[in-house]
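Fold and contact review
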Amino acid sequence: MILLDRVSKTYNRSLGPSLDRISLHVEPKEFVIVVGQSGAGKTTLLRLLTREERPSSGKIIIGGIDYDKLKDKDIPLLRRKIGVVFQDFKLLPNKNVFENVAFALEIVGIGSKEIKHTVPKVLDIVNLKGKEKRMPHELSGGERQRVAIARAIVRQPRILIADEPTGNLDPKHAWDVIKVLEKINRYGTTVLLTTHNVDVVNKLKRRVITLEHGKVASDRANADYEAEK
Amino acid sequence: MTSRSVNLKRKWITFLRIIHTGMVNFLRNISLAVAAIAVMVVTLTILLFSLIANETFSNTIVQITNKIDISIYLKDSNSEEQNKTLVQQVDNLPNVRGTEYLSKADALERYISQNTGNEALLSAVNQTDNPIPATILVKPADLDKIEDIRQFLARPEVAALQSDEPSYSGDRKEAIDKISDATNTLQRIGVLAVIVFTVICALIIFNTIQMAIFNRRDEITIMRLLGAKTSYIRGPFIVESIIYGILSAVISVLIINSAFLASNNALQASSLGLLDIAYASEYFTENFLKLFGLQLVAGILIGMVSSIIATRRYLKFKVK
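Residues numbered from 1 in each chain as written. Chains lettered and ligands numbered in written order. Predicted model: local features only at pLDDT ≥ 70, side-chain atom pairs only at ≥ 80, totals over all residues.

All names here are of chain A. Spatially, 4 strands are ordered 2-1-4-5 in an open sheet, and the strand pairing comes out antiparallel. This sheet does not close on itself; its edge strands, each paired only once, are strand 2 (19-26) and strand 5 (65-66). Across 5 bridges, strand 1 (residues 2-9) lies against strand 2 in antiparallel orientation. Across the sheet, the residue bridging to Ile 2 is Val 26, located in strand 2. (Pairing = 2+ DSSP bridges. Helix = DSSP H or I, 4+ residues; strand = E, 2+ residues; numbered from the N terminus.)

All right, on to the interface of chain A and chain B then. The interface is formed by 19 residues belonging to chain A together with 18 residues belonging to chain B. If you list the elements that add at least two residues to the side of chain A that touches chain B, you get helix 2 (75-79) and helix 3 (97-106) of chain A. Here the residues of the side of chain A that touches chain B are counted per class, giving 7 nonpolar, 3 polar and 9 charged. (Contact = placed C-beta atoms within 7 Å. Nonpolar A, V, L, I, M, F, W, Y, C, P; charged D, E, K, R; others polar.)

Moving on, we get to the packing of helix 3 of chain A against helix 5 (residues 141-153) of chain A. Residues and elements named next belong to chain A. Direction vectors running N to C along helix 3 and helix 5 enclose 30 degrees, while the axes themselves pass 7 Å from each other. Classified by the angle their axes make, helix 3 and helix 5 are roughly parallel. Handedness of the crossing formed by helix 3 with helix 5: right-handed. For the pair helix 3 and helix 5, contact is made by Val 97, Asn 100, Val 101, Phe 103 and Ala 104 and by Val 147, Ala 150 and Arg 151, respectively. (Axes fitted to C-alpha atoms, helices over the stretch in contact; angles between N-to-C directions. Parallel < 35°, antiparallel > 145°, perpendicular 65-115°, else oblique. Left-handed = near helix turned anticlockwise from the far one by under 90°.)

A separate point is the sheet that holds strand 1 (residues 70-73) of chain B. All names here are of chain B. Here we have 3 strands laid out as an open sheet, ordered 1-3-2, and antiparallel in their pairing. The two strands at the open ends of the sheet, each matched to only one other strand, are strand 1 and strand 2 (96-102). Strand-to-strand, the axes of this sheet are offset by a mean angle of 20 degrees, without reference to chain direction. For strand 2 and strand 3 (residues 135-140), the ladder comprises 6 bridges, and the chain directions are antiparallel. Looking at the pairing, Gly 98 lines up with Lys 139 of strand 3.

Every regular strand shows the same layout, with side chains that alternate between the two sheet faces. All names here are of chain B. In strand 1, alternate side chains face the same way, and those of Ile 70 and Ile 72 are buried while those of Ser 71 and Tyr 73 on the opposite face are not. Sheet topology note: the strand 1/strand 3 ladder contains 4 bridges and is antiparallel. In the strand pairing of strand 3, Ser 71 is matched with Leu 137. (Buried ≥ 20, exposed ≤ 12 C-beta atoms within 10 Å, placed from the backbone.)

Moving on, we come to the environment of Leu 289 of chain B. Residue and element names in this part refer to chain B. Within the element layout of this structure, Leu 289 appears in helix 12 (residues 288-314). Given 8 C-beta atoms within 10 Å, Leu 289 falls into the exposed group. With 282 residues separating them in the primary sequence, Leu 289 and Asn 7 have C-alpha atoms 38 Å apart.

Residues and elements named next belong to chain A. At Lys 29, a position not held by glycine, the phi torsion is positive, near 70 degrees. Mapped onto the secondary structure, Lys 29 falls in the loop between strand 2 and strand 3 (31-35). Of note, the phi angle at Lys 205 is positive, near 55 degrees, even though the residue is not glycine. Checked against the element boundaries, Lys 205 lands in the loop between helix 7 (198-204) and strand 9 (207-212). Residue classification places Lys 205 among the partly exposed residues on the basis of 13 C-beta atoms within 10 Å.

All right, on to helix 5 of chain A then. Residue and element names in this part refer to chain A. Its 13 residues place the ends of helix 5 19 Å apart at the C-alpha level, agreeing with the 18 Å of an ideal helix rising 1.5 Å per residue. Counting buried positions along helix 5 gives 12 out of 13 residues, so the element sits mostly inside the fold. Among the residues of helix 5, Gly 142, Glu 143, Arg 144, Gln 145, Arg 146, Val 147, Ala 148, Ile 149, Ala 150, Arg 151, Ala 152 and Ile 153 are the ones counted as buried. (Expected span 1.5 Å × (residues − 1).)

On to the environment of Thr 208 of chain B. Residue and element names in this part refer to chain B. Relative to the assigned elements, Thr 208 resides in helix 8 (residues 170-215). With 167 residues separating them along the chain, Thr 208 and Val 41 place their C-alpha atoms 16 Å apart. If sequence neighbours within four positions are ignored, Thr 208 has contacts with Leu 32, Ala 33, Ala 35 and Ala 36.

What follows is about the pairing of strand 4 (residues 57-62) of chain A. All names here are of chain A. Where strand 1 lies against strand 4, 5 bridges are found, and the strand directions are antiparallel. Bridging from a neighbouring strand, Ile 2 pairs with Ile 62 of strand 4. Hairpin geometry of strand 4 and strand 5 is characterised by an intervening segment of 2 residues between the two adjacent antiparallel strands and by a positive phi of about 50 degrees at Gly 63.

So this is what it looks like as structure tokens:
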């Protein structure tokens, strides 16, 4: 589903590469956690996957799309196949919960009828039923993040990338978000999650990839965070 | 439904959403838009005024040209045959639009009708002793080229048939020259002003769009990350500028219209200097749809081209 072959990204030659010949392979329906200190290269990795940046070298193939052959004008089509959740939610402040989720469908030309049918179902999955009319500032951090997740999955992507989705949340809300991600993964979506959160990693018991100084330091199944130290 | 028709339907929905978003953004953004619209109104008003003035001057020139003619006075001793041959010859000259032959009797009648009320002049002529010569009235096609006709009339064999020097209505020629000079100058000023204001207009639209893009940068980032196509992000800005164009066209037509109303009511004037207001007003009314359409096209074009350039400049779509 996700294939990286010796991928490097260098922003500034004097500082050395942010990612240094990373190779990894993620199977369909896998749940993968990427951990690492700040500056280890987690965010760079995700920005390469969403094509916000190009790798300096190496090959990326996601869901059969070879990034070398991807033209700039086809980037939107790629992004429609990948759901992304950000640490800072990136919700539109002047739209309510329903409208924020509907927005992802509107921009790809889905009709209003289908939107009215689909959005409530997805809000149900992320446990936000009944909060359709709330504005983002009326929600807790955890709720906002679940709106963002709903928006990311409403188009039924095969891959969901979550960049520190619990970074701004207290433990209880963080766990709500993680449970939603697990649920989505059970429905068959490949999930790639980056986090610092030790509890999250230890409770999930999933494949953990540790990045250190831009390299893969370890890649183990059913791992604990503590074991990395 | 086939995937092709689903695709078409989605494109159509997207198109409608772009227009809707453009209109919503226009309303949200109206304080920013005022400057752009104001300048566009000035631009379009100048354009419209130039068009009407140009048309009016051309009309005035045609009017005066129609009145101008060359009169050839014929000797009483000429035979009817000689006169007819001369008319034929003059008629065949390249720069002659038309001729009219007045026999002595016709010429007298015309003289009397032209001088009705002037007893002194009328008493000098009467049917029995007609002093008025037979006359050929010549309408030249191009007033700047009457030299050919002049030369022909000066030939000895032609001059021999004439009782007097031909008359050229010279004072009218001067008036025509004046008006056509004014028309040329006005055309040049009009074209220049339209160009200058179009450029200013484009720059202000650039600025307006730059501000709008800055105000909506978060929204644009999110749209991009969610996979919105460039055209979907860009479209509303272009729709917004097209609305500027439509509004400006309407306002400029209203301005010109009320200017005509005001001048008709207040001045009761039929002309303002060289400009024949009555005709201009009539031309505007009769060609209203055509002129309004032209204003719309010009406004939409200015808005569209400026916003296409501005969004290309300020919305960066390149991936590093």
